[in-house]
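Reading the structure
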Amino acid sequence: TILAGLASTQAAEYIVSTIVNTILPPMWYPDWTGANEGCINDGNEDSYMRLNPVGYYLFDTLESCCSKHYSWNYNQCARIEGSAIGPNGEALYYPDWEGENRS
């Protein structure tokens, strides 16, 4: 009976996730199982992400997902090249430990 209960739970979870994926467009989520360098929106997020409220795991925009889960590496997550801009659009500064920045 335990195995039957487990199978029905997995079937119910599959049905719920299929319905949610059909109704909702793919949303941005943290890619913790892949390269873990940012957010993706391929529609393959884990079921626990789909079952939680929007705004913690799932986001409408890449920027909001990166701000929540990759603020420490926002530029790479948001695919911003060659600039030091934070998640709120502010300029970021960092120490020049080697003393090579003489500008």
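The structure this text deals with has already been given above.
What comes next concerns the included structure.

Here we take up the nonpolar core. Counting 10 residues, the largest nonpolar core is built from W28, C39, F59, L62, C65, C66, Y70, Y74, C77 and A78. Of all the secondary-structure elements, those providing two or more residues to this core are α3 (62-69) and α4 (74-77). Element by element, the count of residues in this core is highest for α3, at 3 residues. Contact partners of A78, with chain neighbours within four places excluded, come to L62 and C66. M27, M49, Y57 and L58 belong to the second largest nonpolar core, which has 5 residues in total.

Right, let's get into the state of the cysteines. Taken as a whole and judged by the stated rule, the model has 2 disulfides. Shown here is the disulfide that connects C39 with C65, its sulfur atoms set 2.1 Å apart. Its torsion about the S-S bond being -85 degrees, the disulfide of C39 and C65 is classed as left-handed. Note that C39 is positioned in strand β2 (residues 39-40) and C65 in helix α3, a separation of 26 residues in sequence. The pair formed by C39 and C65 is uniform in burial state, with each residue classed as buried. Paired by a disulfide, C66 and C77 hold their sulfur atoms 2.0 Å apart.

Cut-offs used in this document
- Counting from 1, residues in each chain are numbered in the order their sequence is written.
- Given that this is a predicted model, residues contribute local features only at a pLDDT of at least 70 and side-chain atom pairs are listed and counted only at 80 or more, while totals for whole chains, interfaces and linings are drawn from all residues.
- Hydrogens are left out, water is left out, and the side-chain values use all remaining heavy atoms of the structure.
- Here, the term nonpolar core denotes a set of buried Ala, Val, Leu, Ile, Met, Phe, Trp, Tyr and Cys residues that are joined through side-chain atoms within 4.5 Å.
- Think of it in three bands: with a 1.4 Å probe and only protein chains considered, a residue is buried below 20% of the maximum accessible area for its type, exposed above 50%, and partly exposed in between.
- Strands here mean DSSP runs of E at least two residues long; helices mean DSSP runs of H or I at least four residues long; both are numbered from the N terminus.
- Residue contacts are counted whenever heavy atoms from the two residues lie within 4.5 Å of one another.
- Cysteine sulfurs are considered disulfide-paired once they come within 2.5 Å of each other.

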